[in-house]
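Okay, here's what each chain looks like letter by letter:
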Amino acid sequence: MQASTLPTPSAAMSGDIPERAASGGVLLPVMTLTRREIVRFLRQRNRVVGALLQPLIFWVLFGAAFTKSFKPPEGSPPDMSYQEYFFPGTVVMILLFTAIFSTISIIEDRKEGFLQSVLVAPISPLTMVMGKILGGTILAMMQGVLFLVLALTIPSITITPLMFVEALAVMFVIAFALTGLGFMIAWRMESTQGFHAIMSVFLLPMWLLSGALFPAKGVPVWLGAMITINPLTYGLAAFRHILYSASAHQPTDLPDFKLSLSITVAFGVATLLGASFMAKARTRADLQ
């Protein structure tokens, strides 16, 4: 092993793992990796602006375009607007995009040699995975919370302090699971182009088939089956339950809240364990 592959003190001050992380137990390397992801994101202002503006544009444009043709879900008042229905899906879209794009840094870290330095450090793969996933989760939460404040502009949605805390908890679980999924995909990639291709054919449809854009009731049987087996469907359902708990516009066709939350937590645990397992294996090329 060459000494040049190890992080230098100057690199540590810029957000990389300090050399003393090896002897700091689990918490120090996890928090150091987490901090590095946050610092890297905040230094790239174009990512901050893009991550916030794109979902906002989607919400405004889609809300205006589909309001007249939108049919409210079963159990909802007939005057429910599409912007109101689409709002929880937009929040989840922010969590998805931020969590997924934050894991692109894994590909960049591999090319720059930083990832190799982390892998040879005397820490477990689970510690490294936790640091990366937690960093992406916090980034997704930061932007999701900013957009959640816009719920105050929807007259029919009332958010109490308790509801806000509960919404944050569900958002954290969703973001954690999605970041773990992004880690698993990025770990098998050698290029960002390949990552974007997978996102287009897998991750984006995953969001589309979660009930974010349209209710699950009334769709063809094959499409309904895909929505049912989609784990993100239940994360969005749990978020809807909380967001509309004090509103008269609460759909009655959603999966049970406890079931939805349980599946979402299980999804997060599965992606964490899957990412940790994959981090122990060697990767030769894209998806090999």
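All of the points below concern the structure found in this document.

**Observations regarding the pattern of salt bridges**
Point 1. For the structure shown, the criterion picks out two salt bridges.
Point 2. Between Glu-37 and Arg-36 there is a salt bridge, with its nearest N and O atoms 4.0 Å apart.
Point 3. Classification of Arg-36 by relative accessible area gives buried; the value is 7%.
Point 4. For Lys-132, the salt bridge identified is with Glu-37, shortest N-O distance 2.6 Å. One end of the pair, Lys-132, is in helix H7 (residues 125-148); the other, Glu-37, is in helix H2 (residues 27-43), and 95 residues separate them in sequence. Of the two residues, Lys-132 and Glu-37, both sit in the buried class.
Point 5. Each member of the salt-bridge network shares a partner with another, and the members are Arg-36, Glu-37 and Lys-132.

**Some words on H2**
Point 1. Between the first and last C-alpha of H2 there are 24 Å, a value that for 17 residues agrees with the 24 Å anticipated at 1.5 Å per step.
Point 2. Listing the buried residues of H2 in full gives Pro-29, Val-30, Thr-32, Leu-33, Thr-34, Arg-36, Glu-37, Ile-38, Val-39, Arg-40 and Phe-41.

**Thoughts on the packing of aromatic side chains**
Point 1. A full pass over the atoms with the stated rule returns eight aromatic pairs.
Point 2. Residues Phe-183 and Trp-187 carry aromatic rings whose centres are separated by 5.4 Å and whose planes lie at 15° to one another, so their mutual orientation is stacked. Here Trp-187 and Phe-183 lie together in helix H8 (residues 161-187), a separation of four residues that amounts to about one turn. Neither Phe-183 nor Trp-187 differs from the other in exposure class; each is buried.
Point 3. Ring pairing ties together the aromatic residues Tyr-82, Tyr-85, Phe-86 and Trp-207, which thus form one cluster.
Point 4. The ring of Tyr-85 is capped by Arg-240, whose NZ or CZ atom sits 4.1 Å from the centre of that ring.

Basis of the calculations
Residues numbered from 1 in each chain as written. Predicted model: local features only at pLDDT ≥ 70, side-chain atom pairs only at ≥ 80, totals over all residues. Heavy atoms only, no water. Salt bridge = Lys/Arg side-chain N within 4 Å of Asp/Glu carboxyl O. Buried < 20%, exposed > 50% of the residue type's maximum accessible area, 1.4 Å probe, protein only. Helix = DSSP H or I, 4+ residues; strand = E, 2+ residues; numbered from the N terminus. Expected span 1.5 Å × (residues − 1). Phe/Tyr/Trp six-rings, centres within 6.5 Å; stacked < 30°, edge-to-face > 60°. Lys NZ or Arg CZ within 6 Å of the ring centre and 35° of its normal.

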